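Okay, here's what each chain looks like letter by letter:
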Amino acid sequence: MRTVYLDNNATTQVAPEVIDAMLPFLRDLWGNPSSMHAFGGQVKQSVERARAQVAALLQADPSEIVFTSCGTESDNMAIRGSIEASAPGTCLVTSRVEHPAVMGPCHRLRDLGHPLVEIAVDSGGRLNMEELEAALQRGPSLVSLMWANNETGVVFPIDTIAGMVKGKGGILHTDAVQYAGKFPIDLRQVPVDLLSISGHKLHAPKGIGALYIRRGTKLQPFMIGGHQENSRRGGTENVPSIVGFGKACEMAMNAMSDEATRVAALRDRLERELLKTCPDTQVNGDPAHRLPNTTNISFQYVEGEAILYHLSDLGVAASSGSACTSGSLEPSHVIRAMGVPFTAAHGSIRFSLSRYNTDADVDHVLTHLPGIIRKLRTLSPFVT
Ligand code: PLP
């Protein structure tokens, strides 16, 4: 059966070039980069080369990059490590649409007594900037706001936000797990203090991430152990994955603008044709400020899960904005925070594309999905 993978915000295919770069480090070059002998030294050099490749994607200095095990670890390290190093009473400021990797540590810190403000978004998923301004008046703050939303692709104006936060002397962390590799990032121009990225969202393997720590930023280590990563993150480095991550960042950097244009054209055709052929359908999220690869579409009066099952039978992988909690399908916190009406929230589907998608993939979905929606609507209790 033909496979059409349109779930790239969940994870991406590892690029063949990345696999080729990694293989020598699984087969022959298996030394420990911390070892004093030449066998380890050779490996250490490759880790440092990868660090420079990751730094180049962010226009950062290699010394500001710490390798972690994933985006979730980077987010936890940034938020918990920064609060531990901050003055007591520092206010945590975040949004209502963050990934659980940010919401989880923020809620945990709130439960431990730290003040927490969660900024609202409007119906387009745009951050309420007045609420942010008001939150920054409260005193010292650690602000954690995502650069791009994983469910809708909506991009927050992190450059403007960075100016506001730094103007008040706050610390800014951004979760750039979905943004990195899709739009250029220049940390020489944008005064972010901490930034999280993850390998498996940009065609490197799972189990590797990085945290950018601007020079001079105070941060308590999160993984306490050996002196790896300049004593900022204990644990023997995942060398093959680090090398693969570096290669993937280099490839993203070289191909970004051409890829973004091509992928956005595929996404736009998919979206346009679905809106045309399926009545009672809407796009969730501000179309003017979105990742080039993502569209979140609500098909009213149908369950997203039912659509996914039918698509899956045709070899199509996408995801829904509902999560099955205690047997009932609840729309995600992102869709709820945007105030999407009940009948649309339940039928929201995220399609997220990558450099490996083709026109034929889009044609496959366009051939089958309108019929699936028509069929499901004949069974829907919401349609009379
Ligand atoms: N942040 C965002 C915005 C994400 O989309 C994800 C993963 O979906 C994460 C963090 C967590 O990354 P990882 O899967 O590498 O832990």
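Since we're looking at a predicted model, the values are computed, not measured. Positions within a chain are numbered from 1, following the residues in the order the chain's sequence is written. Reporting in this predicted model follows two pLDDT cut-offs: at least 70 for local features of residues, and 80 or more for side-chain atom pairs to be given and counted; totals over whole chains, interfaces and linings ignore these cut-offs and use all residues. Note that water and hydrogens are dropped before the side-chain values are worked out from all heavy atoms of the structure.

J.: Even after reading the chapter, I still don't get the pairing of strand β8 (residues 209–213), so can you show me in this structure?
T.: Regular strands place side chains that alternate from one sheet face to the opposite one. Working definition: with a 1.4 Å probe on protein chains only, accessible area under 20% of the residue-type maximum means buried, over 50% means exposed, and in between means partly exposed. Each helix is a run of H or I in the DSSP string that is no shorter than four residues. Each strand is a run of E no shorter than two, and both are numbered from the N terminus. Of all five residues in β8, five are buried; the element is thus mostly enclosed. Where burial is concerned, the two faces of β8 agree: the one with G209, L211 and I213 and the one with A210 and Y212 are both buried. The criterion for strand pairing is that DSSP finds at least two bridges linking the strands in question. The pairing of strand β2 (residues 65–68) with β8 spans four bridges and is antiparallel. From the neighbouring strand, T68 faces β8, where its bridge partner is G209. Sheet topology places strand β7 (residues 194–198) next to β8; five bridges connect them, and they run antiparallel. Looking at β8, one finds that L195 is bridged to Y212.

J.: Got a minute to help me understand the sheet that holds strand β15 (residues 348–352) in this structure?
T.: Remark on secondary structure: sheet strands pair via backbone hydrogen bonds, oriented parallel or antiparallel. Within the open sheet, the four strands sit side by side as β9-β10-β15-β12. Their pairing is antiparallel. Single-partner strands in this sheet number two, and they are β9 (281–283) and β12 (319–320). Strand contacts of helix α8 (residues 239–277): β9, β10 (294–299) and β15, with the helix running at about 10° to β10, the strand carrying the most contacts. By definition in these notes, contact holds between two residues if any of their heavy atoms fall within 4.5 Å. Between N-to-C directions, angles span 0 to 180 degrees; the directions come from axes that are lines fitted to C-alpha atoms, helices contributing only their stretch in contact. Packed onto the sheet, helix α9 (residues 304–313) meets β10, β12 and β15 and runs at close to 45° relative to β15.

J.: I tried to follow helix α5 (residues 129–136) on my own but got confused; where do I start?
T.: Because each turn of an α-helix spans 3.6 residues, side chains separated by three or four positions end up pointing in the same direction. Listed in full, the buried residues belonging to α5 are L132, A135 and L136. One side of α5 carries all its buried residues, which in axial view fall inside an arc of 95°. The arc in question is formed by the directions pointing from the helix axis toward the C-beta atoms.

J.: Honestly, unusual backbone geometry in this entry has me stumped. Any pointers?
T.: Trans is the prevailing form of peptide bonds, just as negative phi is the prevailing case for residues other than glycine. At E229, a residue that is not glycine, the phi angle is positive and equals roughly 50°. Tracing the backbone through its elements, the reader meets E229 in helix α7 (residues 228–231). The backbone of D280 sits at a positive phi, close to 55°, despite the residue not being glycine. If you trace the backbone, D280 turns up in the loop between α8 and β9.

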